[in-house]
Amino acid sequence: MRLEVKNLDKTFKIYTRGSIEVKGFNNINFKLKKGEFLSLHGPSGAGKSSILKTLYRTYTTTSGNINYYKDDGTVIDIAKVDESEILKLRKEEVGYVSQFLQILPRVSAVDVVSQQLILKGESQEISRQKAKEMLDYLSIREELFDLSPLTFSGGEQQRVNIAKGIIAPKSLLLLDEPTASLDKKNTIRVIEKLKQLKQKGVAMVGIFHDLEAMEMITDKIYELKRV
Ligand SMILES: Nc1ncnc2c1ncn2[C@@H]1O[C@H](COP(=O)(O)OP(=O)(O)OP(=O)(O)O)[C@@H](O)[C@H]1O
């Protein structure tokens, strides 16, 4: 077991609007094993992105549990542990690939991607080589490698973002529309990479609007209704 989500509830309280309450999602329950891919599916506004952000603790939980099972047998409730534990978990165990690339200016595409491997202790030279291979696989032209992705097209930025998110995979990966602005060829390439991660035991929770892509990778679909 990697993750167990129990009776998860989220209500947003908008303090700047007289504490109006907005329901994010309610009573979410699922289990995820190592190497399993679960997709969150449902209408716009049903709470898919909010669930992902809650699993990463970008959002706090209103009630319920998010039990994360580490390889050494300890269980961490992401909904409840303190901030320092969350930072450690994000560094070592849980990755989040958002829809958009968020990076500092003047850092090249190769550096954005290779830094993930360097952080894991890989040498600079090997990290850069692997980053280039990953960028090439995701159809980023070589002439772009040493430029900042901030001037890249939307699809190119997303592919750099995915390269960054998957090159040094953690045990649990959260993917918010990883194929949203990609063409068919690159969608299939991303899916192929995600399949390799599954084989390595990486558990994943993802959101797709492209149903065909979702079906290619998903083991379980968690169906949401608008609350
Ligand atoms: N930070 C926030 N503050 C207040 N309300 C929020 C916040 N984030 C999400 N919501 C509300 O929670 C509900 C669920 O939003 P969410 O973005 O999770 O839906 P979704 O299923 O991902 O939608 P879509 O498919 O359109 O991306 C919406 O009604 C939204 O307005």
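Above this note sits the structure.
Figured I'd write up the structure that's included with this text. (Residues numbered from 1 in each chain as written. Predicted model: local features only at pLDDT ≥ 70, side-chain atom pairs only at ≥ 80, totals over all residues. Heavy atoms only, no water.)

### Concerning the overall build of the protein chain
Reasoning step 1: Secondary structure summary: the protein chain contains seven helices and nine strands in total.
Reasoning step 2: Along the first, second and third principal axes, the C-alpha atoms of the protein chain reach 50 × 35 × 35 Å.
Reasoning step 3: Relative to its 227 residues, the protein chain shows a buried fraction of 49%.
Reasoning step 4: In the form shown here, the protein chain has an accessible surface area of approximately 11,600 Å², with 48% of it arising from carbon and sulfur atoms.
Reasoning step 5: Each charge class in the protein chain was averaged separately, 36 positive and 30 negative side chains, and the resulting centres sit 4 Å apart. (Helix = DSSP H or I, 4+ residues; strand = E, 2+ residues; numbered from the N terminus. Buried < 20%, exposed > 50% of the residue type's maximum accessible area, 1.4 Å probe, protein only. Areas by Shrake-Rupley, 256 points an atom, 1.4 Å probe, with all protein chains shown as cover. Lys, Arg positive; Asp, Glu negative; His and termini not counted. Charge placed at Lys NZ, Arg CZ, Asp CG, Glu CD.)

### Quick look at the pattern of salt bridges
Reasoning step 1: Across all of its chains, the model carries 15 salt bridges by this definition.
Reasoning step 2: Lys-34 is paired through a salt bridge with Asp-71; the nearest N and O atoms lie 3.1 Å apart. Here Asp-71 lies in the loop between strand S4 (63–69) and strand S5 (75–77) and Lys-34 lies in the loop between strand S2 (20–32) and strand S3 (37–41), a separation of 37 residues in the sequence.
Reasoning step 3: Judged by its relative accessible area of 46%, Lys-34 is partly exposed.
Reasoning step 4: By relative accessible area, Asp-71 is classed as exposed at 56%.
Reasoning step 5: Between Asp-146 and Arg-128 there is a salt bridge, with its nearest N and O atoms 3.8 Å apart. With a gap of 18 residues between them, Asp-146 in the loop between helix H4 (124–137) and helix H5 (154–166) and Arg-128 in helix H4 connect regions that are remote in the sequence. (Salt bridge = Lys/Arg side-chain N within 4 Å of Asp/Glu carboxyl O.)

### Focus on H5
Reasoning step 1: Compared with the 18 Å implied by 1.5 Å per residue over 13 residues, the 18 Å span of H5 between its first and last C-alpha is a close match.
Reasoning step 2: In terms of burial, H5 is largely enclosed, as 11 of its 13 residues are buried.
Reasoning step 3: Listed as buried for H5 are Gly-155, Glu-156, Gln-157, Gln-158, Arg-159, Val-160, Asn-161, Ile-162, Ala-163, Gly-165 and Ile-166.
Reasoning step 4: Contacts made by the buried residues of H5 are with strand S6 (94–97), helix H3 (109–119), H4, strand S7 (172–176) and helix H6 (184–199). (Expected span 1.5 Å × (residues − 1). Contact = heavy atoms within 4.5 Å.)

### Thoughts on the side chain of Ser-39
Reasoning step 1: With respect to the element layout, Ser-39 can be found in strand S3.
Reasoning step 2: By relative accessible area, which is 0% here, Ser-39 ends up buried.
Reasoning step 3: There is a polar contact of 2.7 Å between the side chain of Ser-39 and the side chain of Thr-218.
Reasoning step 4: Sequence-distant contacts of Ser-39, defined by excluding residues within four places in its chain, comprise Gly-206, Phe-208, Met-214, Thr-218, Lys-220, Ile-221 and Tyr-222. (Polar contact = N/O pair within 3.5 Å; in protein donor to acceptor, adjacent residues only side chain to side chain.)

Note that every value here comes from positions in space, so none of it alone points to a role or purpose.
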